[in-house]
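For reference, the chains in residue letters:
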Amino acid sequence: MNLRAVKGMNDILPQEVQRWQQVEAAFRRLAELYGFSEIRTPIVEQTSLFVRSIGEATDVVEKEMYSFQRHDNELTIRPEGTAGAARAYVEHKFFNLEAISRWYYIGPMFRGERPARGRHRQFHQAGAEIYGDPGPVCDADLIAMLIDFYQELGIADLHVLINSLGSKGTRERYRDALLAYLTPLKDRLSEDSQRRLSTNPLRVLDSKAAEDRNICGNAPKILDLLDDEDRRHFDGLQNNLDKLNIKYTVEPRLVRGLDYYTRTLFEIQGSGGELGAQNALCGGGRYDNMVKELGGPAVPAIGFALGIERLLLAMAAKEQPVPATVYLAPLGEQGQAEALVLARELRQRNIRTIVDGRTQKLKTMLHRADASGAQLCAILGDGELERGVVQIKDLKERKQAEVPRDQVVSEIEKTFVEAGLLPLGGGPR
Ligand code: HAM
């Protein structure tokens, strides 16, 4: 039997996990700093939630969802986080509890796309949603948070694209205008776009095919169809971004693949590191109609989600330092028992400690100590323990010293503090 992970769904191995934790910690810190609180919604929702909110004619709903039936329910493993957050907002009637809700989330999402670099079937998003604020001040604030986040992780090569889809009605009027322009040119469009023309003509604007791009260059622009209020909103967003010194490009062809958007729409693209063709680091926008469509009152909303896999591709791979670590190498039975006791004493002082339970030749154990990345190795020989001493070997300096058992913890702590690996004084947990 050849059991492998499902295609497009990857293991995140221990040697990679530190970078994930770094990204997640940075996102949490920044989201909290910007006034957001975490929400955790189920990974499985009713299929109808996604169909209604994301839109029937989108690629996600048409062909990418992992849906199944269980106990007479039609269920789907979430392809994104916005629909579930909005469902929770309505279900728990947050509109009665607070004027504005600011939520963030981090978690796996599932879409049956064709796997490629930066495109997976299980991928991870960090996202944020704001309910109850019509913008455009919070729209700019949200984009500022993203810029701060990417900069904190050393990703400077960012390209912010913005557009406005207007409020209800504008999108439909634009769809008609686009259809009127594209239909006579249908034969010159790519095969994919010809198909999309009848289901979701806005998606033709997203096409990367050269023949489509040429034609779309002259297509009517949605910005020309905005009403006065939509236009004021979009101008407001731009003025606020200018004030924040955030560079952006107005991209009237930016439509994005989900049907729920209204007014503000944005995407941040990257170009650094190993990021290839999948260069959309994050995307978001306003979805002022969703809360009402899901059974709540008319509450405006905006949010974004960023792909963690793509972010890691864009981030320069940095060597992660091993935290201050002691490797305990007991050489006999007495040493083994003593190693367990010493390990607990060290961990109580917040020092990472690994106990090697496989008593073997000292040389073999030192090899394993080196491979673990530990800086110090404490060798607990039975004879030495009878004399009340332990050998401490500095694995980097290749120096060894005999230390009385009752001074081992303070000696190790001192060495780490001097090497700058522990804050002064170490300290109990
Ligand atoms: P989205 O543009 O579909 O938006 O996804 C957001 C980000 O998730 C993308 O920019 C990309 O970085 C990452 N991503 C999407 N699909 C994949 C994939 N198959 N593999 C790897 N990464 C992927 C949303 O999901 C909306 N819910 C964003 C939002 C929140 N809008 C309002 N609130």
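Here, the structure is the one placed above.
Since the structure is predicted, the reported quantities are computational estimates derived from the model, not experimental observations.

**Topic: the overall build of the chain**
Then comes step 1: Helix and strand counts for the chain stand at 16 helices and 16 strands.
Then comes step 2: Its C-alpha radius of gyration of 28 Å places the chain more than 25% over the 22 Å reference for a compact globule of 429 residues.
Then comes step 3: The principal-axis extents of the C-alpha atoms in the chain amount to approximately 90 × 50 × 45 Å.
Then comes step 4: Looking at the chain residue by residue over its 429 residues, the buried ones come to 49%.
Then comes step 5: Measuring between centres, the 57 positive side-chain charges of the chain sit 2 Å from its 61 negative side-chain charges.

**Observations concerning the site of the ligand**
Then comes step 1: In the region of the ligand, 26 residues are neighbours, and Glu80, Thr82, Glu113, His120 and Tyr261 sit closest.
Then comes step 2: Separating a nitrogen atom of the ligand from a side-chain N or O atom of Glu129 is a distance of 2.9 Å.
Then comes step 3: Within the backbone of Leu281, a nitrogen or oxygen atom sits 3.0 Å from an oxygen atom of the ligand.
Then comes step 4: Here the ligand has 660 Å² of accessible area as a free molecule, and 96% of this is covered by the chains.

**Things to note about the pairing of strand E5 (residues 101-110)**
Then comes step 1: Within E5, nine of the 10 residues are buried, which leaves the element mostly enclosed by the surrounding structure.
Then comes step 2: Bridge analysis of strand E1 (residues 37-38) against E5 gives two bridges, and the strand direction is parallel. When the sheet's bridge partners are listed, Ser37 is paired in E5 with Trp103.
Then comes step 3: Pairing analysis gives 10 bridges linking E5 to strand E6 (residues 122-131), with the strands arranged antiparallel. Residue pairing for E6: Phe110 is matched across the bridge by Gln122.

**Things to note about the environment of Thr262**
Then comes step 1: Position of Thr262 among the secondary structure elements: in strand E9 (residues 262-270).
Then comes step 2: According to the relative accessible area criterion, Thr262 is buried, its value standing at 6%.
Then comes step 3: Along the sequence, Thr262 and Asp230 sit 32 residues apart, while their C-alpha atoms lie 9.6 Å from each other.
Then comes step 4: One polar contact links the side chain of Thr262 to the main-chain amide nitrogen of Asp288, over a distance of 3.0 Å.

**Looking at the sheet that holds strand E3 (residues 66-70)**
Then comes step 1: The antiparallel open sheet is built from three strands, whose spatial order is E2-E4-E3. The two strands at the open ends of the sheet, each matched to only one other strand, are strand E2 (44-46) and E3. Mean inter-strand twist for the sheet, computed between neighbouring axes without regard to direction, equals 35 degrees.
Then comes step 2: In this structure, E3 lies alongside strand E4 (residues 73-77), joined through five bridges in antiparallel fashion. From the neighbouring strand, Ser67 faces E4, where its bridge partner is Thr76.
Then comes step 3: Relative to E2, helix H2 (residues 47-54) is tilted by about 75 degrees, and along the sheet it contacts E2, E3 and E4.

**Regarding the packing of aromatic side chains**
Then comes step 1: Scanning the model with the defined rule gives 13 aromatic pairs in all.
Then comes step 2: Relative to Phe94, the ring of Tyr89 has its centre 6.3 Å away and its plane inclined at 25 degrees; by these criteria the two rings are stacked.
Then comes step 3: Phe94 gets classed as partly exposed once you look at its relative accessible area, which sits at 21%.
Then comes step 4: An aromatic cluster is built from Tyr89, Phe94, Phe95, Trp103, Tyr131, Tyr260, Tyr261 and Tyr287, whose rings are joined through pairwise contacts.

**Quick word on the sheet that holds strand E15 (residues 389-394)**
Then comes step 1: Pairing within the open sheet is mixed, and its five strands lie in the order E13-E12-E14-E15-E16. Strands at the two margins of the open sheet, each flanked by one partner only, are strand E13 (352-355) and strand E16 (399-404). Taking each pair of neighbouring strands and ignoring which way they run, the sheet shows an average axis angle of 25 degrees.
Then comes step 2: As paired strands, strand E12 (residues 325-330) and strand E14 (residues 376-380) are joined by five bridges and run parallel to one another. Within the sheet, the bridge partner assigned to Val326 lies in E14 and is Leu376.
Then comes step 3: On the sheet, helix H14 (residues 362-372) packs against E12, E13, E14 and E15 and is oriented at approximately 165 degrees with respect to E12.

**Topic: a nonpolar patch on the surface**
Then comes step 1: Together, Ile43, Val44 and Phe68 give the surface a local cluster of nonpolar side chains, amounting to about 210 Å² of exposed area.
Then comes step 2: Among the residues examined, Val44 registers a relative accessible area of 34% and is labelled partly exposed.

**Focus: the pattern of salt bridges**
Then comes step 1: In the structure shown here, the tally under the stated rule is 25 salt bridges.
Then comes step 2: The partner of Glu91 in a salt bridge is Arg87, with the nearest N and O atoms 2.9 Å apart. Residue Glu91 and its partner Arg87 are located together in helix H4 (residues 82-91), separated by four residues, close to a single helical turn.
Then comes step 3: Members of the salt-bridge network, linked through shared partners, are Asp59, Lys63, Arg196, Arg203 and Asp206.

**Some details on the nonpolar core**
What tends to happen in soluble globular proteins is that the nonpolar side chains get buried as a cluster.
Then comes step 1: Ranked by size, the top nonpolar core spans 89 residues in total, and within it Phe27, Tyr131, Phe149, Tyr150 and Leu306 carry the most contacts.
Then comes step 2: The element best represented in this core is helix H6 (residues 137-152), accounting for 10 residues.
Then comes step 3: Among residues more than four places away in sequence, those in contact with Phe27 are Tyr104, Tyr105, Ile106, Ala126, Gly127, Met145, Phe149, Phe304 and Leu306.

**Describing the packing of helix H1 (residues 14-33) against H6**
Then comes step 1: Relative to each other, H1 and H6 sit at 145 degrees, their axes nearing to 10 Å. By crossing handedness, the relation of H1 to H6 is classed as right-handed. Residues Val23, Ala26, Phe27, Arg29, Leu30 and Ala31 of H1 lie in contact with H6, whose contacting residues are Met145, Asp148, Phe149 and Glu152.
Then comes step 2: Taken together, the residues that form the contact of H1 with H6 break down as seven nonpolar, no polar and three charged.

Reading the values: the criteria
Residues numbered from 1 in each chain as written. Predicted model: local features only at pLDDT ≥ 70, side-chain atom pairs only at ≥ 80, totals over all residues. Heavy atoms only, no water. Helix = DSSP H or I, 4+ residues; strand = E, 2+ residues; numbered from the N terminus. Rg over C-alpha atoms; globule rule 2.2 N^0.38 Å. Buried < 20%, exposed > 50% of the residue type's maximum accessible area, 1.4 Å probe, protein only. Lys, Arg positive; Asp, Glu negative; His and termini not counted. Charge placed at Lys NZ, Arg CZ, Asp CG, Glu CD. Near = heavy atom within 4 Å. Polar contact = N/O pair within 3.5 Å; in protein donor to acceptor, adjacent residues only side chain to side chain. Areas by Shrake-Rupley, 256 points an atom, 1.4 Å probe, with all protein chains shown as cover. Pairing = 2+ DSSP bridges. Axes fitted to C-alpha atoms, helices over the stretch in contact; angles between N-to-C directions. Contact = heavy atoms within 4.5 Å. Phe/Tyr/Trp six-rings, centres within 6.5 Å; stacked < 30°, edge-to-face > 60°. Patch = residues over 30% accessible without salt bridge, like charges linked within 9 Å, V, L, I, M, F, W, Y side chains within 5 Å. Salt bridge = Lys/Arg side-chain N within 4 Å of Asp/Glu carboxyl O. Core = buried A, V, L, I, M, F, W, Y, C linked by side-chain atoms within 4.5 Å. Left-handed = near helix turned anticlockwise from the far one by under 90°. Nonpolar A, V, L, I, M, F, W, Y, C, P; charged D, E, K, R; others polar.

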